[in-house]
Amino acid sequence: MSLLTHFKAITTFIFDMDGVLTDGTLLILDNGQFIRRMNIKDGYALQLAIKKGYRVAVISGSTSDPAVIRLGKLGITDVFMGVKNKTEIFQQYLAQHGIQPSQVLYMGDDIPDLAVMKLAGMPCAPADAVTEIRQAARYISHSSGGMGCVRDVIERVMKLNDHWDLHTDVASK
C-alpha cells in the first residue's frame, strides 16, 4: 500500500501535545506556571478538519488547562490529558467511535508515543522527533513540533480527499 493510500484513508487525527502541537519548550515562570507555544497555522488546519467532519483528538501525558482551553476554541473536545497509558486510551477511543486503526493518523514525537504509533494506520512524526519515533513513522513531516507539522499532515490528508477548500469560512485560528 502506497503512502498516498494511507493518507487518503484517514478519517481521524490523534496528536500528542508536547513536541507535536507545541514546540516542546516549557517556559517556567517565577510563580511556577508553565507556558507552552502553539502554531497558529496548525490551529487553522485543526479547525478546518473538524469543520469538514474529521475526528480530532489529543492524547497527552502532560496536563495544561490553557492548552485544553485553546483546543476547545478550535473545536477539539476529545482531549485526554495526564494519560499514563496512551495505548489504552487510543484503543478505547477507537472502540467508542467505531474507528478502524487504518483510519487513524497518529503523530507523536517521543518514546511514550511509540506503542500507540505501532497501532495506528498512519504513524507520523515531526521532523525533530527522537530517532525511535522517526524509525516507527511512515511519514516524517518536514516541519518540527509546534512549527507546522500538524498543519502538514492535515493538509496532505484533506487535499488528497478534496476537502482542502480555501473558500471555507473558518472564523478564528
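The name that an unreviewed UniProt entry assigns to the chain is 3-deoxy-D-manno-octulosonate 8-phosphate phosphatase (KDO 8-P phosphatase), with the source organism given as Pseudobacter ginsenosidimutans. In UniProt, the chain has this text filed under Sequence similarities (unreviewed entry): "Belongs to the KdsC family." Per UniProt, the chain has the following entry under Cofactor (unreviewed entry): "Mg(2+)".

Draft legend 1. Region of interest: the sheet that holds strand E5 (residues 78-80). Taken in spatial order, the six strands line up as E5-E4-E1-E6-E7-E8 in an open sheet, and their pairing is parallel. Each edge of the sheet is formed by a strand with only one pairing partner; in this case those strands are E5 and strand E8 (139-140). Pairing between strand E1 (residues 12-15) and strand E6 (residues 104-107): four bridges, direction parallel. Bridging from a neighbouring strand, Thr12 pairs with Val104 of E6. Here helix H8 (residues 149-160) sits on the sheet in contact with E1, E6, strand E7 (122-125) and E8, set at roughly 170° to E1.

Draft legend 2. Molecular detail of the environment of Ile99. With respect to the secondary-structure elements, Ile99 resides in the loop between helix H5 (86-97) and E6. With relative accessibility at 8%, the residue Ile99 sits in the buried group. Leave out the neighbours within four places in its chain, and Ile99 touches Thr12, Arg55, Tyr93, Leu94 and Val104.

Rules and cut-offs
Residues numbered from 1 in each chain as written. Predicted model: local features only at pLDDT ≥ 70, side-chain atom pairs only at ≥ 80, totals over all residues. Heavy atoms only, no water. UniProt positions renumbered as here; feature names shortened; annotations may be inferred. Pairing = 2+ DSSP bridges. Helix = DSSP H or I, 4+ residues; strand = E, 2+ residues; numbered from the N terminus. Contact = heavy atoms within 4.5 Å. Axes fitted to C-alpha atoms, helices over the stretch in contact; angles between N-to-C directions. Buried < 20%, exposed > 50% of the residue type's maximum accessible area, 1.4 Å probe, protein only.

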